[in-house]
2 protein chains.
Amino acid sequence: MIVHHHPFLAPCRFARLVLAEHALEQELVVEPFWDERPQFVAVNPGMTLPMAFDGDRGPICGAAVLMEYVDERYGDGRPGHRLMPADPFHRAEVRRLVNWFTQKFEDEVSGPIVTERILKLEIPNKKGGGAPDSSALRIARQNAVSHFHYIGSLAMSRNWLAGDQFTFADLAAGAALSVVDYLGEAPWQADPAVKAWYQKLKSRPSFRPLLSDKARLVAPAPHYADLDF
Amino acid sequence: MIVHHHPFLAPCRFARLVLAEHALEQELVVEPFWDERPQFVAVNPGMTLPMAFDGDRGPICGAAVLMEYVDERYGDGRPGHRLMPADPFHRAEVRRLVNWFTQKFEDEVSGPIVTERILKLEIPNKKGGGAPDSSALRIARQNAVSHFHYIGSLAMSRNWLAGDQFTFADLAAGAALSVVDYLGEAPWQADPAVKAWYQKLKSRPSFRPLLSDKARLVAPAPHYADLDF
């Protein structure tokens, strides 16, 4: 599959994890979305990332849409169990949490932190780049602590975030935490249960490519790639 | 099904259309989300509306999650064809458009217009109610025109918004336009193809309950319930 992405957008990382967990080959194309390339906008007017093509068909726009596509088309062939459970209410819970991390956590935590600390250095000034907004960062950091308490309450009461089984919800959450952790902005001390859950996730082979991503102008936090941090 | 909703939130209207199209009985409970009722927050910490229960099981949080649940559980029993097509790329297109209307159109058009003109009159001042913000309204009205051109381009090139078949995408879009139209804020003159498509939709029996909704403090635009407007 060809995936147009940005390596530090959490929903794009979620898509890469989804494809890796299904052993699907990925050709990644970095999409500088702020340039609004005419060929990009023409096929994807919302400029949603990730945007994927399966062979010559697509686009498939958005991480949650790609997740459903991959599960329906390739879920049967996945080694081990499927990442979307069979029970209808369990499925609703997985989807609720995927939306939580790709939308709510992204709006309140990962999106603003990545925008202020990574994207604004890559985006030309006349297209919205520039110095980070310290008040946006302060709010996102406060939000991160509340979110960690919520993730901790899930991780404490369940084996994986959506229940007993490892599901797409864990991948969406792990993707979102990984970009924040790259920047040393994950408040691990807020809840030890989050760290224990994330350690299990981080040691999966699907996670490895994310741990070697490097932002062009910002170095990773020293513990970022350590499995035992 | 029990559905916690607000009658003028577009994603809640989408949920009501989805249930009506599947002939599922609905018990509607108005949720004044700004009150953050402890029993509501406890089961739905994101305070997402709609929130549904099927018998004693749930909650199912969010319109898109409910749509998948209803299709998987009750889609086979629907008179006529299913609202989620069978082809995987066609499914991805339906989901893209459902997200477009429940997220993007809601953020840029229906959400701000309904918030400023209806919700702020119902919400107590100390919880964020008060006079409408005219600059938010002006921006939303400009956005509405661009969105109408996009919907028009889909309606012109396809029989229904996501392709030849009537799908969930039409319901999500119709729900979003209906709240804007109630307030006389739908720029029908921007694109005649949108009006023709909306007329087909508006005459469906599932739409009828929406057309008799009344906001407590704001009367509908005169043409709101007319099938031939």
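Novice: Go over the overall build of chain A, please, and point to the residues and values.
Specialist: Scanning chain A from terminus to terminus reveals eight helices and four strands. In chain A, the order of α-helices and β-strands from amino to carboxyl end is β-α-β-α-β-β-α-α-α-α-α-α. A compact globule built from 229 residues would reach a C-alpha radius of gyration of about 17 Å, and chain A, at 17 Å, matches this within 12%. For the C-alpha atoms alone, the extent of chain A along its principal axes is close to 50 × 45 × 30 Å. Counted over contacts in chain A with a minimum sequence separation of 6, partners at least 24 positions apart contribute 70%. Total accessible area on chain A stands at roughly 9400 Å², and carbon and sulfur atoms take up 52% of it.

Novice: Hey, could you go over helix α3 (residues 63-74) of chain B for me, with residue numbers and the actual values?
Specialist: In this model, α3(B) (twelve residues) spans 16 Å end to end at C-alpha, consistent with the 16 Å of a helix rising 1.5 Å per residue. Within the span of α3(B), buried status applies to B:Ala63, B:Val65, B:Leu66, B:Met67, B:Glu68, B:Tyr69, B:Val70 and B:Asp71.

Novice: An account of the packing of aromatic side chains is requested, with residue identities and associated values reported.
Specialist: Taken as a whole and judged by the stated rule, the model has 28 aromatic pairs over all chains. Geometrically, the ring pair formed by B:Tyr198 and B:Phe229 is edge-to-face, given 6.1 Å between the ring centres and 85° between the ring planes. Residue B:Tyr198 is found in helix α7 (residues 192-202), and its partner B:Phe229 is found in the segment after α8 (208-211); the two are separated by 31 residues along the sequence. B:Tyr198 sits in the buried class, given a relative accessible area of 0%. One aromatic cluster is present, built from ring pairs that chain together A:Phe148, A:Trp188, A:Trp197, A:Tyr198, A:Phe207 and A:Phe229. One Lys or Arg, A:Arg13, reaches over the ring of A:Phe8 and ends 4.9 Å from the middle of that ring.

Novice: Describe the layout of surface pockets, with residues and values.
Specialist: What the second largest pocket holds in volume is close to 290 Å³. In this structure, the second largest pocket is lined by 18 residues; those nearest its centre are A:Glu93, A:Arg96, A:Arg158, B:Val43 and B:Pro59. Elements with a minimum of two residues in the lining of the second largest pocket: α4 (88-122) and α5 (134-157) of chain A together with α2 (38-43) and β4 (57-61) of chain B. In terms of residues, the lining of the second largest pocket owes the most to one element, α4(A), which gives five residues. Looking at side-chain class alone, the lining of the second largest pocket contains ten nonpolar, three polar and five charged residues.

Novice: Break down the side chain of B:His4 for me, with residues and values.
Specialist: Its place among the elements puts B:His4 in strand β1 (residues 2-5). In this structure, B:His4 is in contact with B:Val29, B:Glu31, B:Arg37, B:Leu49, B:Pro50, B:Met51 and B:Phe53, ignoring residues within four places of it in sequence.

Novice: Outline the relation of the copies chain B and chain A, listing residues and values.
Specialist: The operation relating the two chain copies consists of a rotation about an axis and a shift along that axis. When chain B is fitted onto chain A, the two copies agree to an RMSD of 0.0 Å after a turn of 180° and an axial shift of 0.0 Å. Considering both components of the superposition, the chain copies are consistent with a two-fold axis. If distances are taken from each C-alpha of chain B to the rotation axis, the shortest is found for B:Gln103, at 4.7 Å. An overlap of 100% is found between the interface residues of chain B and their copies at the interface of chain A, pointing to a shared contact surface.

Novice: Explain the domain arrangement of chain A residue by residue, including any values.
Specialist: Accessible area lost upon the coming together of the parts is a frequently used measure of interface size. All names here are of chain A. Here chain A is partitioned into domain 1 (2-77) and domain 2 (88-211). For domain 1 and domain 2, the distance between their C-alpha centres works out to 19 Å. Taken together, the 21 residues of domain 1 in the interface contact 27 residues of domain 2. Summed over both partners, the interface of domain 1 with domain 2 buries about 2200 Å², with 71% contributed by carbon and sulfur atoms. Sorting the residues of domain 1 by area buried against domain 2 places Phe-8, Leu-17 and Trp-34 first, and these three jointly supply 31% of that buried surface. Between Asp-35 and Lys-127 there is a salt bridge, with the nearest N and O atoms lying 2.9 Å from each other. Elements that contribute at least two residues to the side of domain 1 that touches domain 2 include exactly α1 (10-21) and α3 (63-74). Ranked by residues supplied to the side of domain 1 that touches domain 2, first place goes to α1 with nine residues. Each residue belonging to the side of domain 1 that touches domain 2 can be placed in one class, and the counts come to 13 nonpolar, two polar and six charged.

Conventions we followed
- Residues numbered from 1 in each chain as written.
- Chains lettered and ligands numbered in written order.
- Predicted model: local features only at pLDDT ≥ 70, side-chain atom pairs only at ≥ 80, totals over all residues.
- Heavy atoms only, no water.
- Helix = DSSP H or I, 4+ residues; strand = E, 2+ residues; numbered from the N terminus.
- Rg over C-alpha atoms; globule rule 2.2 N^0.38 Å.
- Contact = heavy atoms within 4.5 Å.
- Areas by Shrake-Rupley, 256 points an atom, 1.4 Å probe, with all protein chains shown as cover.
- Expected span 1.5 Å × (residues − 1).
- Buried < 20%, exposed > 50% of the residue type's maximum accessible area, 1.4 Å probe, protein only.
- Phe/Tyr/Trp six-rings, centres within 6.5 Å; stacked < 30°, edge-to-face > 60°.
- Lys NZ or Arg CZ within 6 Å of the ring centre and 35° of its normal.
- 1 Å grid on protein atoms, 1.4 Å probe; cavity = no way out; pocket = protein on both sides within 12 Å on 5 of 7 lines; lining within 4 Å.
- Points joined across faces, edges and corners; volume = space filled by probe spheres on them.
- Nonpolar A, V, L, I, M, F, W, Y, C, P; charged D, E, K, R; others polar.
- Least-squares fit on C-alpha atoms with pLDDT ≥ 70 in both.
- Domains from an automatic or database assignment.
- Buried area = accessible area lost by both parts, 1.4 Å probe.
- Salt bridge = Lys/Arg side-chain N within 4 Å of Asp/Glu carboxyl O.

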